[in-house]
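Architecture and fold: a report
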Amino acid sequence: PAQVVQSFLVALPDYVWVALLPTIKTISVVKLSSMKMLPNDLLEKIFSYLPVVHIARIRLVCKQWSAILSSHEFLMRHSRSTCEKWVAVFDEVGLNEQRILILYDASLDIWLRVSLTFLPAEFTDAVAAAGGLLCLAGQVDGKNVMCVCNPLTKSYKLLPELNQELSVPVAVLIEGNGSTPFKVLVLSGDTVALHHSTSDCWMMFNTGLPYRPRSPVACDGVIYGLQNMGSPWQASWRLVCSKLDQLGCGHVWIPLNRPEWGDILDILRRPRLLESNGCLFLTGGLRRSGSNDSCSTFIILKLDLKTLEW
């Protein structure tokens, strides 16, 4: 794709297409009257090779580019072809008043602000993300409501009503395949609810346990979570897991621990699990003895799922 764009630029030396070349940092004068001669399908082909950040910027060049880059058809094609890796940052107190989601783009090493104002106002909490999709929750008339959206295409799907106690759900969004784009798993005290994107209902499974793991993530068909075995005054965490294809087999959550781990889970303040490219990570602040203030050191640990070594 880079060679195609560069050849196109050489063939049209009078045009300044600096926005299409990531290596050029400044924007010069663009001959808009000449660019209008290019068909929209050719412009779409060129724009399809751009990262999302550059697409957002060059929407401001002219009305023609803005119309092309804002069209639902172009956004859908680009979202299916892009392989960019972003990290969504969720606030435990819900979305801010501006309904802005904070994203980190690892490829460009920048932070981004994405508006979620296209969603109904009742969706106030971002609870999970995977495969470019975002799962949000809220409350309407005393009932829990959830949806899954694509922030790039500004499209969303409402999920069936889930009869659970009023609280922000602990959920996992699982990236699917072509026939089933996504799955949503909601954890409660003694049940697990599973929703397929192609169905109109939830499947409920009993766990027989009075607790629900925190910070759940999906990795290669297995759900991992953190269980607090301590007290409200002193946390004591352990790692638990459950295979998706064994949800209906009774004993859902299985402790995952090794003696050589020691107290590695307890030295972290507010530990959280993350999944990336089939790898499991544990993050948190380094706990300081006798101190309740903010942590000055942030720790990232990676678990080898074959050897179970950190």
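Residues numbered from 1 in each chain as written. Predicted model: local features only at pLDDT ≥ 70, side-chain atom pairs only at ≥ 80, totals over all residues. Heavy atoms only, no water.

**Considerations on the overall build of the protein chain**
For the protein chain, the count of helices and strands is six helices and 18 strands. The buried share of the protein chain, taken over its 310 residues, is 37%. Intrachain contacts of the protein chain at a sequence separation of at least 6 include 39% that bridge at least 24 residues. Looking at the protein chain as shown, the accessible area adds up to about 18000 Å², and 55% of this sits on carbon and sulfur atoms. (Helix = DSSP H or I, 4+ residues; strand = E, 2+ residues; numbered from the N terminus. Buried < 20%, exposed > 50% of the residue type's maximum accessible area, 1.4 Å probe, protein only. Contact = heavy atoms within 4.5 Å. Areas by Shrake-Rupley, 256 points an atom, 1.4 Å probe, with all protein chains shown as cover.)

**Considering unusual backbone geometry**
You will see that D220, though not glycine, has its phi angle at about 55°, which is positive. Relative to the assigned elements, D220 resides in the loop between β12 (214-219) and β13 (222-228). Given a relative accessible area of 64%, D220 falls into the exposed group. A positive phi angle is found at L308, which is not glycine, with a value near 55°. On the secondary structure map, L308 appears in the segment after β18 (298-303). Accessibility expressed as a relative area gives 10% for L308, which makes it buried.

**Considerations on the sheet that holds strand β5 (residues 133-140)**
Neighbouring strands of a sheet are bound in pairs by backbone hydrogen bonds; such pairs are parallel or else antiparallel. One open sheet accounts for four strands, arranged β4-β5-β6-β7; its pairing is antiparallel. Each edge of the sheet is formed by a strand with only one pairing partner; in this case those strands are β4 (123-130) and β7 (155-158). Across this sheet, the average inter-strand angle for adjacent strands is 30°, counted without regard to direction. Judged from the six bridges that link them, β4 and β5 form a sheet pairing that is antiparallel. Each bridged residue has a counterpart across the sheet, and for A126 the counterpart in β5 is L136. (Pairing = 2+ DSSP bridges. Axes fitted to C-alpha atoms, helices over the stretch in contact; angles between N-to-C directions.)

**What to know about the environment of F123**
Along the polypeptide, F123 turns up in strand β4. Among the residues examined, F123 registers a relative accessible area of 2% and is labelled buried. Once the C-alpha coordinates of F123 and V145 are considered, the two residues, 22 residues apart in sequence, prove to be 7.6 Å apart. If near-sequence neighbours (up to four positions away) are discounted, F123 is found in contact with L95, R99, L136, A137, G138, V145, M146, C147 and L158.

**Observations regarding the confidence of the model for the protein chain**
Within the protein chain, residue pLDDT values average 75, and 75% of them lie at 70 or more. Long-range and interchain partners of residues 1-29, a stretch whose pLDDT sits below 50, account for 30 contacts in this model, where long-range means more than four residues apart. (pLDDT = per-residue confidence, 0-100.)

**As for the sheet that holds strand β17 (residues 279-286)**
Ordered in space as β16-β17-β18, the three strands form an open sheet in which the pairing is antiparallel. Every interior strand has two partners, whereas the edge strands, β16 (268-276) and β18, have only one. For this sheet the average axis-to-axis angle between neighbouring strands, irrespective of direction, equals 25°.

**Quick word on the side chain of H195**
Position of H195 relative to the elements: it lies in strand β10 (residues 191-196). Assessed through its relative accessible area of 0%, H195 is described here as buried. Discounting chain neighbours no more than four positions away, the residues touching H195 are L159, P160, F182, K183, V184, C201 and W202.

**A closer look at a nonpolar patch on the surface**
Taken together, V87, V89 and W111 make up a surface patch of nonpolar side chains, about 310 Å² in accessible area. Looking at the secondary structure, you find V89 in strand β1 (residues 86-89). (Patch = residues over 30% accessible without salt bridge, like charges linked within 9 Å, V, L, I, M, F, W, Y side chains within 5 Å. Salt bridge = Lys/Arg side-chain N within 4 Å of Asp/Glu carboxyl O.)

**Focus on the nonpolar core**
The biggest cluster of nonpolar side chains holds 19 residues, and the ones touching the most others in it are Y224, L239, W261, L273, L280 and L282. With sequence-adjacent residues up to four places away left out, Y224 is seen in contact with S215, P216, V217, C219, L239, V240, C241, L256, L273, L280 and L305. One finds A128, V148, A171 and V186 within the second-largest nonpolar core, a separate group that totals 15 residues. (Core = buried A, V, L, I, M, F, W, Y, C linked by side-chain atoms within 4.5 Å.)

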